[in-house]
Amino acid sequence: MSRVAYVNGRFARHDEAGVHIEDRGYQFGDAIYEVWAVADGRLCDAEGHFARLSRSLAELRIAEPMSRKSLEIVLGETLRRNRLADGLLYLQVSRGVARRDHPFPDPAPPPSVVITARRIDPAAGDAKAAKGVAVITVPENRWGRCDIKTVNLLPNVLAKQAAKDAGAYEAWFVDELGFVTEGSSTNAWIVDREGVLRTRDIQANILRGVTRATVLRVAAEAGVKLAEGPFTVDDAKQAREAFITGASTQVTPVVKLDGRLLAGGEPGPVAKRLRQLYIAEARRG
Ligand SMILES: Cc1ncc(COP(=O)(O)O)c(C=O)c1O
């Protein structure tokens, strides 16, 4: 069965779907995106992703392209047409198509909306989490509004490629004070030497991960000691455990950092437990 994409009100074959060459997402990166994991045909952590979508649009002053109800229908229809039970739904909204000029077009064109669906075998994620992944560190070189989920991901792309070139899965950005901000497509966590779960606070220049928020909640409910705030690369190297979170990675243990084994190179108990708790909670949501 061929894949189907939604583009500006129509469903089209994925390999033939396209947007206009003067789409501002293509010309300027003037666009935002959102990603939902799908499990058993249902959106995971649905509310958090809808809320962040609205926030990203508002921050860039792009109009909501359709009502929440219509969007849910279109997302559901995209799943149905792709017969997708497990995978990812990707939504991108740009400021629309206009003659190339930096200021916002006036009057505003209708925002462009693209939705794609991709099948992912849940067993592959579980296998990766069971083994744990390697992470490298790279200097933070992104703009100051990483809280907005824009498609401007060039530093993230280069960081992820650096990780791949080094035989690792993810790259953690490290700011000029030596603190880890987040991964190129995930949030970064450690369980420090005192057993405190740490992840960077959202006052820092990071994406407010929806998975991050849910993991914080389930960890608090499970009685895990928490501290949202900065930690250094050295703190991470000496940590009891480390892991990453994101809609597609869920909770995935980190077992190597910059070539050095963490916690004996095995996924730790806190990460394993939080992965289970997170998956159960996200499916409920
Ligand atoms: C830079 C960055 N940080 C964190 C995340 C994790 O966010 P979420 O848990 O909402 O998927 C992502 C996801 O794409 C990301 O791109």
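The preceding data block contains the structure.
Residues numbered from 1 in each chain as written. Predicted model: local features only at pLDDT ≥ 70, side-chain atom pairs only at ≥ 80, totals over all residues. Heavy atoms only, no water.

A. Summary view of the nonpolar core. Core analysis: the largest hydrophobic core is formed by 24 residues, its most contacted members being Trp36, Leu43, Leu71, Leu75, Leu89, Leu91 and Ile115. Secondary structure elements with two or more residues in this core: β3 (31-39), α2 (46-60), α3 (68-81), β5 (87-94) and β6 (112-119). Ranked by residues supplied to this core, first place goes to α2 with five residues. What Ile115 contacts, discounting residues up to four positions off in sequence, is Ala5, Tyr6, Leu71, Val74, Leu75, Thr78, Leu89, Tyr90 and Leu91. (Core = buried A, V, L, I, M, F, W, Y, C linked by side-chain atoms within 4.5 Å. Buried < 20%, exposed > 50% of the residue type's maximum accessible area, 1.4 Å probe, protein only. Helix = DSSP H or I, 4+ residues; strand = E, 2+ residues; numbered from the N terminus. Contact = heavy atoms within 4.5 Å.)

B. Broad picture of the sheet that holds β5. The antiparallel open sheet is built from six strands, whose spatial order is β2-β1-β6-β5-β3-β4. What marks the edges here is a single partner per strand, and that holds for β2 (10-13) and β4 (42-43). The pairing of strand β1 (residues 4-7) with β6 spans two bridges and is classified as antiparallel. By the bridge assignment for β6, Val7 is matched with Val114. Sitting on the sheet, α3 touches β1, β2, β3, β4, β5 and β6, and the angle it makes with β6 is about 40°. (Pairing = 2+ DSSP bridges. Axes fitted to C-alpha atoms, helices over the stretch in contact; angles between N-to-C directions.)

C. Local environment of the packing of aromatic side chains. A complete count under the given rule lists five aromatic pairs for this structure. When the ring of Tyr33 is compared with that of Tyr90, the centres are 5.6 Å apart and the planes differ by 25°; the resulting orientation is stacked. Highlighted residues: Tyr33 in strand β3 and Tyr90 in strand β5, separated in sequence by 57 residues. The exposure class of Tyr33 is buried, given its relative accessible area of 12%. Judged by centre distance (5.0 Å) and plane angle (55°), the rings of Trp36 and Phe50 are tilted. With Trp36 in strand β3 and Phe50 in helix α2, this pair connects stretches of sequence that are 14 residues apart. Of the two residues, Trp36 and Phe50, neither departs from the other in class, the shared state being buried. Geometry around Phe50 places Arg68 over its ring, the cationic atom sitting 3.9 Å from the centre. Here the guanidinium or amino end of Lys160 rests over the ring plane of Tyr169, the centre of that ring lying 5.1 Å away. (Phe/Tyr/Trp six-rings, centres within 6.5 Å; stacked < 30°, edge-to-face > 60°. Lys NZ or Arg CZ within 6 Å of the ring centre and 35° of its normal.)

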